[in-house]
Amino acid sequence: MLHESEPKQTSVARSINKKPNCDPPEPKRIVIVDDHPLFRKGLAELIHSDGSFAVCGEAANASEAMDVIRKLDPDLMIVDLSLPGANGIELIKNIRAEYAKLPILVLSMHDESLYALRAMRAGADGYVMKHEAMANVIQAIHEVFNGRPYLSPAMAAQVITKFSHRQTEGEVDAVERLSDRELEILELIGKGNEVREIAKLLHLSPKTVETHRAHIKDKLDLKNSREVARFALQWLQSRGA
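Cut-offs applied
- Residues numbered from 1 in each chain as written.
- Predicted model: local features only at pLDDT ≥ 70, side-chain atom pairs only at ≥ 80, totals over all residues.
- Heavy atoms only, no water.
- Phe/Tyr/Trp six-rings, centres within 6.5 Å; stacked < 30°, edge-to-face > 60°.
- Helix = DSSP H or I, 4+ residues; strand = E, 2+ residues; numbered from the N terminus.
- Buried < 20%, exposed > 50% of the residue type's maximum accessible area, 1.4 Å probe, protein only.
- Lys NZ or Arg CZ within 6 Å of the ring centre and 35° of its normal.

A. A look at the packing of aromatic side chains. Applying the stated criterion across every chain yields a total of 1 aromatic pair. Ring plane angle 20 degrees and centroid distance 5.8 Å describe the contact between Phe53 and Phe145, whose orientation is recorded as stacked. Placement of the pair is Phe53 in strand E2 (residues 53–59) and Phe145 in helix H6 (residues 133–145), with a sequence separation of 92 residues. Overall, the relative accessible area of 23% leaves Phe145 in the partly exposed class. A cation over an aromatic ring shows up here: Lys28 above the ring of Phe145, its NZ or CZ 5.5 Å from the ring centre. The side chain of Lys130 reaches across the aromatic face of Phe39, ending 4.5 Å from its centre.

Printed below as a string of structure tokens:
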């Protein structure tokens, strides 16, 4: 009887010691691209509160971001749209050209739905406004990793409203002619920012902002900077922004 039971005991012990499915999975590795160090720090702490994720790298601009991706090969990128130099939408396009399947989540201060649509068209998998980030970013990361596109509740409502109550085609087409940077500046003008304030927010020179404003004026067929400001304000008001 002893000889019969010994192999069974050994076999059971061997099976328990292997524990093939009990090791915790490695956390998903995330890179944050934002030019504000304090925001990056707070976001990293929030992400680390979920044991499924770990921030493995950071970058303050688009050029640094591409270097970090190439060195670290992360599982997901979190990208701000307002970056010095090349903006976030340009960065998304560059990432997509080199890493077709790398998930990208956008965190943005811009609450106009056109930014979300442009970011998603460029290749982003989700869009969260910064003032909602602390409440929604963990859910957004989970959704994106599960292969589902994510829009924060407020932005989703805007997108639905945009398609339910379309403006005249002329208005839509006029704004669509603007570049991503010009659209960004149009929104900031509509919110009452002067050239120097916009330059500071976007890390551009005042002269560069003035050049963009001149392009906006020409593309929208407006006469002067005062008409640009009036158009920008009406454009934001018509969208409830």
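B. Molecular detail of the environment of Ala156. Tracing the backbone shows Ala156 in helix H7 (residues 153–164). A relative accessible area of 23% means that Ala156 is categorised as partly exposed. For the pair Ala156 and Val128, spaced 28 residues apart in the sequence, the C-alpha separation amounts to 9.8 Å.

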